[in-house]
Protein chains: 2
Amino acid sequence: MTDVKQTEQTKRSWTTRRDAKNKRVNQVMKMTDGRVIPTDQIVEVLEEVLVPGDRVVLEGNNQKQASFLSEALSRVDSGKVHDLHMILSSISRPEHLDIFEAGIAEKVDFAYAGPQSLRMAQMIEDKQLTMGEIHTYIELYGRLFIDLIPSVALVAADKADSEGNLYTGANTEETPTLVEAAAFRDGIVIAQVNEITDDLPRVDIPGSWIDFVVEADAPYQLEPLFTRDPRHITDIQILLAMMTIRGVYEKHQVQSLNHGIGYNTAAIELLLPTYGESLGLKGEICKHWALNPHPTMIPAIESGWVESIHCFGGEVGMEEYISQRPDVFFTGRDGSLRSNRTLSQLAGQYAVDLFVGSSLQIDAYGNSSTVTNGRLAGFGGAPNMGHDPGGRRHSTPAWLNMINSDEPLVRGKKLVVQVVETHQTGNTPVFVESLDAIDVKEEANLATAPVMIYGDDVTHVVTEEGIAYLYKAKSLEERREALAAIAGVTAVGIKHSPENINRLRQEGIVAWPEDLGIRRSEANRSLLAAKNVEELVEWSGGLYQPPEKFRSW
Amino acid sequence: MTDVKQTEQTKRSWTTRRDAKNKRVNQVMKMTDGRVIPTDQIVEVLEEVLVPGDRVVLEGNNQKQASFLSEALSRVDSGKVHDLHMILSSISRPEHLDIFEAGIAEKVDFAYAGPQSLRMAQMIEDKQLTMGEIHTYIELYGRLFIDLIPSVALVAADKADSEGNLYTGANTEETPTLVEAAAFRDGIVIAQVNEITDDLPRVDIPGSWIDFVVEADAPYQLEPLFTRDPRHITDIQILLAMMTIRGVYEKHQVQSLNHGIGYNTAAIELLLPTYGESLGLKGEICKHWALNPHPTMIPAIESGWVESIHCFGGEVGMEEYISQRPDVFFTGRDGSLRSNRTLSQLAGQYAVDLFVGSSLQIDAYGNSSTVTNGRLAGFGGAPNMGHDPGGRRHSTPAWLNMINSDEPLVRGKKLVVQVVETHQTGNTPVFVESLDAIDVKEEANLATAPVMIYGDDVTHVVTEEGIAYLYKAKSLEERREALAAIAGVTAVGIKHSPENINRLRQEGIVAWPEDLGIRRSEANRSLLAAKNVEELVEWSGGLYQPPEKFRSW
C-alpha cells in the first residue's frame, strides 16, 4: 500500500485549480486597481482571465442580468477565448447567443430560454451550439457543486466597496449561490456593480468571496416580469379565481402557497380582499407565501391577509413599498428587500401547501408543457414547485387533506393546481391528446420529452367549465374522465360522457361552479380589489412606483 | 376602496417585528460592549432578549452544537422566559430537553433526535413537551422562510470580529441559513464563538446579519460522526460492497453520488482503489460526491478516483488533509473547508445519480424505517437524498438507465439503493412484514407513519444473498417477489418460491453474486485499501489527524 500511495502522491499536484487561478489573477493585477477593474478595461481583463474550454457561469435569469459583463464577453477576441462551456440560468439577451455565433462559447447548460427560444432551436439545428442539459433553476444550482463547478463566475450586484463586499439590494436572487460555487473551488469571481462606494447599506456577499469588481457603464438590466396590469383581467379569469378560492383554497384550508405569474393568479390575488373576505376567509387561508413581490398582492397585504412573503427576486417599482412593510417581507437592516432564489425555491418546494401554475398544453392524463414546436423554452422553476416532493415528511392540514385511502403507510400530498382556460387566445385548444413536447424531444434530440408538470403530480385542474379533483381519481381512466369533464370543446373534452359526469360530480371528483355555490353571472371585474395599476398605487399609499410602461396617467 | 384602505392603514403598524427587536436590543446594549456580550452575562442577556412564546432556532445538528448557548438557555429564569417554541435541527444534548422539563420551552419542531429519542418519546407521553412536526433538515430550513420564521437565532461559529463578521471554518453547515431566516425578518441573531479576534481568516457570514457575539467558555461541541474505523468492517460487508460496485455502480455507470454513513458504505469507499481498480473502473465511475469528509475516502482520493466532494459539514481530524487537497474539496482563501448543509442537501437531492443508505427495517414492498418502538429518532437528511426528485429535468447516463418502458413521456430515475444484511446484529431480521413505524404512528399520535424511504423510490436492494433490481419490477407483486428472493431467512424471505427466483434471475430482476462474477470466497478484508485508522493516516501522508478515541497507537 505504501508504494501505491507514494507513487500517486509524487505524480500529482493537488492545487492545480488554485495555481491556475493565481496565475490568471496575477496577469490581471497589472490592469486593475487592487480588486477594482477599470470599466474600460473589462474586455482585456476577460481575455486574460478566461482560458479556452473554461466553464463559465454568467448571471442572467428572468429578472436580473449581468448585462455589462455579457456584452463585454461578446467583445472578447475569439482567437484568445473560445470554446467556453456556459452555464446560464436564463438565455435572455441577444449576446447570450451571439457568443456562440462568434465561437467564443461552444456549449451551454441552462434552465430557461424564453425570449431566445426560437433562435436557440435554430442554432442547435445549425450546429452553432452544443446543448448540455435543460434544468430547473434549482437543479442547475445543485450541479454547480457537483459536476458543473465553474472556473469563472460573472455576476451582478448594486454596489461594492473596494474590498469587494457586495450589496445586492432587493435583487439578491441567485448571486450568492453562483458566487459560492466558484469562490470556494478556486474559481474567479467578477462582479459588475452599478456603483463602487465605501459606504455599503449592508453586506449581502462578503468581499473575501470576490476577486474583482467593475463599475458598469449602465445599471444592470432588470425586468419587471411579475407585474400584471389588472386592466387586462377578464371575467373568465375572475370566474377561475372564484372557483380556485372556493373549491381549492377554502376546501383544503391552504395556509401557505406559491403563485406562478399570470393573469389567472393576479385575479386570485385581487379577489382575496373582496370575494375571499365575503366568504369569511381572512386569517384562515393564504397567510404565508413564497412569491415574487407581485404588485397585485398589494390589496391583500393592505387588508391584512398576508403574514409573510419570501421572495425569489425583487420587482421593479416595489422597492419602497416593501421597505415600508417589514412585517410582511424579508428585509435587511438597510430596509430593502432580501430575496434569495435558492432558498425561496427550496421553501416553495418543501414548505408550502400549494402551487398554482398554468400551461399552454395539457394532455388527456394531465401532463403539461409550455414547450411547443420550434421552441426550446426550458423550465425555469415551475417543475420544482409543481411536483409532490417525495422527501417531505411534515404534515399540514391541506397536505393531509389529499389523503384518499386508509393504507397504513399513506401520506399527504402537495397541492399542484393548474388553472387554465380550455382554449388559449386565438382559439388554440389547451387540452390535447398528445403534447407537442413529444415531437420536440425527437426534433431536438433530447433524452426525454420536455414535460413541465407530470400528470401524476397534478392534484387539481381548474377551467371555466369546472374543477377536476384529480387526487381523488382511483385510476388513470378516471383521471382521464375527470379531465374530459372540464376540458370543454377540445379533443379531450368531446370524449366525455354525460352519465360519467353526473357520477363524477356526485363523488366530488368534478365540481361545476354551481356545485361550489358560484353563479357565473357574479364573475365580473367589479369584484377586483384594484381594476388598474393606478388603483394598486392608491392601495399602496403611493409607495408602489410602477415602471413607466405600466402608467396610463 | 379608498375607505377600506385608509381604515386598514390607520389600524395597523407594519413594523411590529422591527420595533420589538429594537426594544429588546436596546435593553441588552447596557450589558454589552457594542456587539460583544461578556461571557459571564449570557444568561442575563438571554433573559432580556427572549420573550415568552418566542420562536427560537437553536443551532445543533448531528455535528456542530451551539453548546454554550444551549447551556445558557437552560439556566434562564423560567419565570421570565417560558413557553418558547424551539426549532432544532437535531435534539442531541441533554439541555435540549431539560429546557422543556424546566418550563422554559413548550413546543419543538425538529428533524433528528437520535441520542435523545427515548427520553423524548417518554416526555411526549408525560406531556412535558408539545411536538410540532418531524422534518428532514432541508424542509425544516424551508419552513424558516415560510411559517416557522424565528424571532431569535442562537448559532455557533469559530471566530468573530468586533463588527460581528463570522468565520465558521470547516463547519459552516447550516449556520448561514439559520442566520438568514432571522436576520432578514427583524429577528435577533446571537452567535457563540470560540474566539473574538479582529483578524478573521475569511468571512463566512457578514457582520451586518449578526446582532451579538459572545466568546464561549469552551469551544462548541463537535462530533466525529462520520469516522468509521476500517478495523470493524466484516467480510459480509465487503461482499455487499463488491456487489454494489459491480452490480450497481459499474452496471449503471454512476458518476455522482452520496453515501450515508455506516460500515457498508465505508467498505465501498475502501474497495474502490483495490477491487474497483481491478475492474478498470477508475475515472469511469464515482467521480463527483456530495458527502461529508469521510476519512475512509482518503485512499480513493489519494489514488485519483475523486474529482470533487461537496460537504454538508466538516469532520474532526480531516481539517489539515482537506486544506491540502483543494483540487478535491471546496475550500476558502484561508485554505479551510467551506461546507454548507443546505446546498449539499440540495445537490444531493437534485444533482447526483445515486444515494446509498441502510435501514433497520424494510417491509415486503421495500418501504423502510429506522424508527422502532419507543424511539422517535426523526429523519435527518436521508429521505431528502433517498427519493426520486420529481422536479428534476436533466439527464445523466445512470438516470436514463433506469428507464424501463417505451412510453413517450417516460423519464429516468434517481438510483436509491439500500445496502443491508438480512439480519441486524443480535439476529433481528431487517425484512419484516410490517414496519414498527405503523405502531409508532399510533402511539405517538403522528399524522402519518414515520417512513424513512418509501418502496416506490427504492431502485435497488443489496443483501448478502443478492441484488433486487426493483426498478425493473413490473408490478407490486413482482417487487415483493424480488425482495423475497434476497431477504434470506426472514418473514419476507421464506415466502419466496424457487421457480420464481430462476425467472427473476433470467430477467435480470434479481442477481446472485455469481451472476455478477463475484465469488463469495474472494470477499475478505485483504481487499480493503486500509484496514485500520493508522493506515488511513498513512495514506494521508500524516495529514489526517484522527481524534484520540480512534487511535490505537
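Chain A appears in an unreviewed UniProt entry as Malonate decarboxylase subunit alpha from Halobacillus amylolyticus.

Engineer: For this particular structure, what's the right way to read the packing of helix α5 (residues 94-101) of chain B against helix α6 (residues 117-125) of chain B?
Structural biologist: When two helices pack together, their arrangement is captured by the angle between the axes and the distance separating the axes. All names here are of chain B. Where α5 contacts α6, the axes come no closer than 11 Å and their chain directions differ by 10 degrees. On the basis of the axis angle, α5 is roughly parallel to α6. On α6, the residues touching Pro94, Leu97, Asp98, Phe100 and Glu101 of α5 are Arg119, Met120 and Met123. Taken together, the residues of the contact of α5 with α6 break down into five nonpolar, no polar and three charged.

Engineer: What am I meant to see in the relation of the copies chain B and chain A here?
Structural biologist: Each of the two chain copies can be brought onto the other by rotation about an axis and movement along it. When chain B is fitted onto chain A, the two copies agree to an RMSD of 0.0 Å after a turn of 180 degrees and an axial shift of 0.0 Å. With respect to symmetry, the two chain copies, as superposed, fit the operation of a two-fold axis. Residues of chain B ranked by C-alpha distance from the rotation axis are headed by proline 206 of chain B, positioned 3.0 Å from it. Looking at the interface residues of chain B, 100% of them are also at the interface in chain A, so both copies use one shared face.

Engineer: Explain unusual backbone geometry here, please?
Structural biologist: Backbone phi values are negative for most residues with the exception of glycine, while trans is the configuration of most peptide bonds. Residue and element names in this part refer to chain B. Unlike most non-glycine residues, lysine 127 shows phi in positive territory, near 60 degrees. Mapped onto the secondary structure, lysine 127 falls in the loop between α6 and β6 (130-134). The exposed category is assigned to lysine 127, whose relative accessible area is 75%. The backbone of glutamate 173 sits at a positive phi, close to 50 degrees, despite the residue not being glycine. The residue glutamate 173 is located in the loop between β8 (166-167) and α8 (175-183) in this model.

Engineer: Got a minute to help me understand the nonpolar core in this structure?
Structural biologist: Soluble globular proteins tend to bury their nonpolar side chains together. Residue and element names in this part refer to chain B. The biggest cluster of nonpolar side chains holds 85 residues, and the ones touching the most others in it are Met86, Met120 and Ile190. Shared between two domains, this core takes at least three residues from each, and those domains are domain 1 (50-222) and domain 2 (230-537). The contact partners of isoleucine 190, leaving out residues within four places of it in the chain, are Ile37, Val45, Leu46, Val49, Leu69, Ala153, Leu154, Val155, Phe212 and Val214.

Engineer: When you look at the side chain of glutamate 464 of chain B in this model, what are you seeing that I'm missing?
Structural biologist: All names here are of chain B. The residue glutamate 464 is located in the loop between β20 (460-462) and β21 (467-469) in this model. Look at glutamate 464: it is buried, it has no salt bridge, and the nearest opposite charge is arginine 520 at 7.3 Å. There is a polar contact of 2.6 Å between the side chain of glutamate 464 and the side chain of threonine 422. Among all residues touching glutamate 464, those that are not within four sequence positions of it are Ile236, Leu239, Leu240, Val420, Glu421, Thr422, Pro513 and Arg520.

Engineer: Can you help me understand the interface of chain B and chain A in this one?
Structural biologist: How big an interface is tends to be reported as the loss of accessible area on association of its parts. Contact with chain B, which involves 114 residues of that partner, is made by 115 residues of chain A. With both chains or domains summed, chain B and chain A bury close to 9,200 Å², and 56% of this area falls on carbon and sulfur atoms. At the surface where chain B touches chain A, the tally comes to four salt bridges. Arginine 333 of chain A is the partner of aspartate 211 of chain B in a salt bridge, and the nearest nitrogen-oxygen pair spans 3.3 Å. Here chain B is connected to chain A by 49 residue pairs in polar contact (both at pLDDT 80 or more). Considering every element that reaches the side of chain B that touches chain A, the biggest residue donor is helix α13 (residues 341-350) of chain B, with six residues.

Basis of the calculations
- Residues numbered from 1 in each chain as written.
- Chains lettered and ligands numbered in written order.
- Predicted model: local features only at pLDDT ≥ 70, side-chain atom pairs only at ≥ 80, totals over all residues.
- Heavy atoms only, no water.
- Axes fitted to C-alpha atoms, helices over the stretch in contact; angles between N-to-C directions.
- Helix = DSSP H or I, 4+ residues; strand = E, 2+ residues; numbered from the N terminus.
- Parallel < 35°, antiparallel > 145°, perpendicular 65-115°, else oblique.
- Contact = heavy atoms within 4.5 Å.
- Nonpolar A, V, L, I, M, F, W, Y, C, P; charged D, E, K, R; others polar.
- Least-squares fit on C-alpha atoms with pLDDT ≥ 70 in both.
- Buried < 20%, exposed > 50% of the residue type's maximum accessible area, 1.4 Å probe, protein only.
- Core = buried A, V, L, I, M, F, W, Y, C linked by side-chain atoms within 4.5 Å.
- Domains from an automatic or database assignment.
- Lys, Arg positive; Asp, Glu negative; His and termini not counted.
- Salt bridge = Lys/Arg side-chain N within 4 Å of Asp/Glu carboxyl O.
- Polar contact = N/O pair within 3.5 Å; in protein donor to acceptor, adjacent residues only side chain to side chain.
- Buried area = accessible area lost by both parts, 1.4 Å probe.

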